[in-house]
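# Commentary on secondary and tertiary structure
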Amino acid sequence: MVPPAVQWQPMSPILRCILAVALLGCGCLRDSKSSPDANAPDAFPMASFDFSGLDPLLLSTTAAPAGLEVATARANELLGGMSLDEKLCLVRGVSGAYVGNVTATAGLPALTLQDGPAGVARFGDVTAFPAPITLAASWDPDLVQRWGAAMAAEERGKGVMVQLGPMMNMVRAPAAGRNFESFGEDPFLAAALVAAEVAGIQSQKVVATAKHFIGNEQETNRDGGDSLIDERTLHEIYYAPFEAAVNAAVGAVMCSYNRIGGTYACENPATLGDLKSGMGFSGWVMSDWGATHSTVASANAGLDMEMPDDANFGSALAAAVAAGSVSQARVDDMVRRILVSLLRLGVLDDPPTGTPATVVTSAEHSTLAREAAAAGVTLLQNHDGALPLDATVKSIAVIGSAGGDAPYSLGGGSAYVNAGNVISPLAALQAQAESTMTIAYARGDGDDDDQEQAVGTASAADAAIVFAAVDSTEGGDRDSLALPAKTDALIAAVAAANRRTIVVLHAPGAVAMPWLDQVKAVLVAFYPGEENGNAIAPILLGADNPGGKLPVSFPRAAEDLPAVSKDQVVPYSEGLAIGYRALDAQKIEPLFPFGHGLSYTTFAFADLGVRAGAAPGSIALDFTVKNTGAHAGSEVAQLYVGFPASAGEPPWVLRGFKRIVLAASESKNATIEISIRELGCWNPDAHRRYVPSGTYYFAVGSSSRDLPLQARVQIQGLGP
Ligand code: BGC
């Protein structure tokens, strides 16, 4: 059943245009890029695959984690020697030096839990790495794994056994306050990065915690809000990163504050059942801090540990066990799950020895923080080669306090990491370029005089760089996607005074850019951590080439994507259509599309071939990428699947990606393989995955809206 390889050269834009106009009678460029339905069907060669005889188990999840059997046997032995009181000590929090603490009992050490998704929170002498959304913009699982390992090494150095991250809620509402802690709006991208981060964290004998399970996509009303998510959407979008974490053998999961379909997440038998029975999660579920609302219902639904105290799992749980409303077997299951993860990951055999006072930052970690911050810098617009600043630029104006005396590192809340010293863009530019250009600085974002002074500084320079930051934090959502009004006014005023105005954004995700047409270039550096300027300056100066790609869509209008709900009930009525999926489905032009990111060089894709992959039911896409410009750089090849219309999927869904590094003029062959599981859709009637039969489109390119290589493939599916 190996079909012949299919070669296809991209159609010339003119031919594509003629065909699209002939067939559709509408604007060719946008339609040819945004929707598989709009492609001229006969323009693409067919390949066909028959998956109907394959084992349907290929579509379901999990391989048991390595070492599970041995760890379970050891946990059972320990359990056999514990009294009920000792067991109950393990399933609740006590106060202590860490954000989460479990008392030492039955010869076991005290357990230590600490945030979080961006590194060691609350303590000093740590490395302030960039935020997860910055790492998401790198589209680089290898980097994410190294970052995970470095963060966990610092956690362990501080005496931490359980790191409270990664955070894997989806960017559904672009203004949601914790989006910067996440990996963006696409479940496939998030899943790939989560798996890498979990592997990195757990390589350091630190348990990773996948949070927040589930439906915690906004902060407004998070304590009682009720997320209404249909079964298919839950499985295809919101569970996907958690399944990836389970597949990566994550040791712990944190259930969220909100309700799902009327029932609190930490006492929800349906969703916790999906996690434990459906996905095969073998570790323990802890509550978010204060997210436990009951004793019996929570214990019987699957909550294994209350955090940070014992309001429900203290004497109330002991009484429930005595009364028989929570069984001893269930208590054993809670304790076994905790012990199994701790044993499997080596924490109990080799407990950490550090304390909160231990210095854990290092030069090596700062270098990694710089690499990660640079990898996330995404060039959104670059007219007339405004960047990099070349030899014609003899003087620059650095405008905005985020560029000088108030450099930005990270969003707020439990993920916040103390940065000893944030390197400002101004300091880094001075260190790296003062011999070749004069550098002036003006805050510009104080009172009117400030703005006037900044405009004066900008007009006297060959190029003006405005640094604009927008805050985001746990505990609240942004009111809108707008930058502070003063910042918008400053950018417009500087752009009017200097024809080479460049904007650098420190943002948690999408922002509105009313001044976009007035400025030459825009870079978004997300939240860059302590190495801020050291990462950004080389990119501005051309010593480094930006390669970041947007992990979220930047909509033209906030209304184009779901808003934060102000009500207690949060209906996820858009279903599968979040982010670019929604914009594609409604044919709405984004400001900048998901996956977009320019480089100082240019790339061309060619020669798409489709063949059977190595694993049963997998499909391999071969293609070439050429660096057609004069700088070395890297491109992220993105593979999107257009499912048969009967599947009811959005037009394109990301199902593969690969970062390819190319010297000037270099060309490389690349292959992306899609597993059959990635061709699965959730059937809510049968409560399982199936591969729909019909015509599929596979498209490869540089963003969700720039897909020059496309192939049409016939698939005989599997199931339902
Ligand atoms: C957050 C969690 C965090 C916990 C402990 C909660 O407010 O939602 O993400 O891990 O606090 O700091």
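In what follows, the structure referred to is the one given above.
These figures come from a predicted structure and were not determined experimentally.

## Considering the pairing of strand S26 (residues 709-716)
Working note: regular strand, side chains alternate between the two faces of the sheet. Taking burial as the measure, the eight residues of S26 include six buried ones, the bulk of the element. Note that strand S1 (residues 46-50) and S26 share five bridges and pair parallel. Bridge assignment links Phe-49 to a residue of S26, and that residue is Ile-715. Bridging between strand S25 (residues 694-701) and S26 involves seven bridges; their strand directions are antiparallel. Residue Val-700 lies in a different strand from S26, and its bridge partner there is Leu-709.

## Re the site of the ligand
Lining the immediate surroundings of the ligand are 13 residues, of which Asp-115, Arg-178, His-212, Asp-288 and Glu-474 lie closest. Between the ligand and Arg-178 there is a distance of 2.7 Å, counted from an oxygen atom to a side-chain nitrogen or oxygen. In the model, an oxygen atom of the ligand is placed 2.6 Å from a nitrogen or oxygen of the Asp-288 side chain. In the complex, the protein chains occlude 95% of the 310 Å² of accessible area that the ligand would expose alone. Among the residues making up the shell around the ligand, the classes are represented as five nonpolar, two polar and six charged.

## So, the side chain of Asn-258
With respect to the helices, strands and loops of the structure, Asn-258 is situated in the loop between strand S7 (252-255) and strand S8 (259-260). Here Asn-258 falls in the buried class, since its relative accessible area comes to 3%. Only 3.0 Å separates the side chain of Asn-258 from the backbone oxygen of Ile-214, close enough to count as a polar contact. A polar side-chain atom of Asn-258 sits 2.7 Å from a polar atom in the side chain of Ser-256. The contact partners of Asn-258, leaving out residues within four places of it in the chain, are Ile-214, Gly-215, Asn-216, Arg-222, Gly-225, Ser-227, Tyr-264 and Ala-265.

## A word on the nonpolar core
Ranked by internal contacts, the top residues of the largest apolar core, which has 144 residues, are Met-286, Phe-623, Leu-679, Phe-698 and Ile-715. If sequence neighbours within four positions are ignored, Ile-715 has contacts with Phe-49, Phe-51, Ile-619, Leu-679, Val-691, Pro-692, Ser-693, Gly-694, Tyr-696 and Phe-698.

## Some points on the pattern of salt bridges
Under the defined criterion, the tally for this structure stands at 30 salt bridges. A salt bridge links Glu-236 to Arg-232, with the nearest nitrogen and oxygen atoms 2.8 Å apart. A residue pair is termed a helical-turn pair when its members lie 3 or 4 positions apart in one helix, as Glu-236 and Arg-232 do in helix H8 (residues 231-238) at four residues. The shortest N-O distance in the salt bridge between Asp-622 and Arg-611 comes to 2.6 Å. Linking Asp-622 in strand S19 (residues 619-627) with Arg-611 in strand S18 (residues 603-612), this pair joins segments that are eleven residues apart in sequence. Residue classification places Arg-611 among the partly exposed residues on the basis of a relative accessible area of 30%.

Quick notes on the rules
- Residues numbered from 1 in each chain as written.
- Predicted model: local features only at pLDDT ≥ 70, side-chain atom pairs only at ≥ 80, totals over all residues.
- Heavy atoms only, no water.
- Buried < 20%, exposed > 50% of the residue type's maximum accessible area, 1.4 Å probe, protein only.
- Helix = DSSP H or I, 4+ residues; strand = E, 2+ residues; numbered from the N terminus.
- Pairing = 2+ DSSP bridges.
- Near = heavy atom within 4 Å.
- Polar contact = N/O pair within 3.5 Å; in protein donor to acceptor, adjacent residues only side chain to side chain.
- Areas by Shrake-Rupley, 256 points an atom, 1.4 Å probe, with all protein chains shown as cover.
- Nonpolar A, V, L, I, M, F, W, Y, C, P; charged D, E, K, R; others polar.
- Contact = heavy atoms within 4.5 Å.
- Core = buried A, V, L, I, M, F, W, Y, C linked by side-chain atoms within 4.5 Å.
- Salt bridge = Lys/Arg side-chain N within 4 Å of Asp/Glu carboxyl O.

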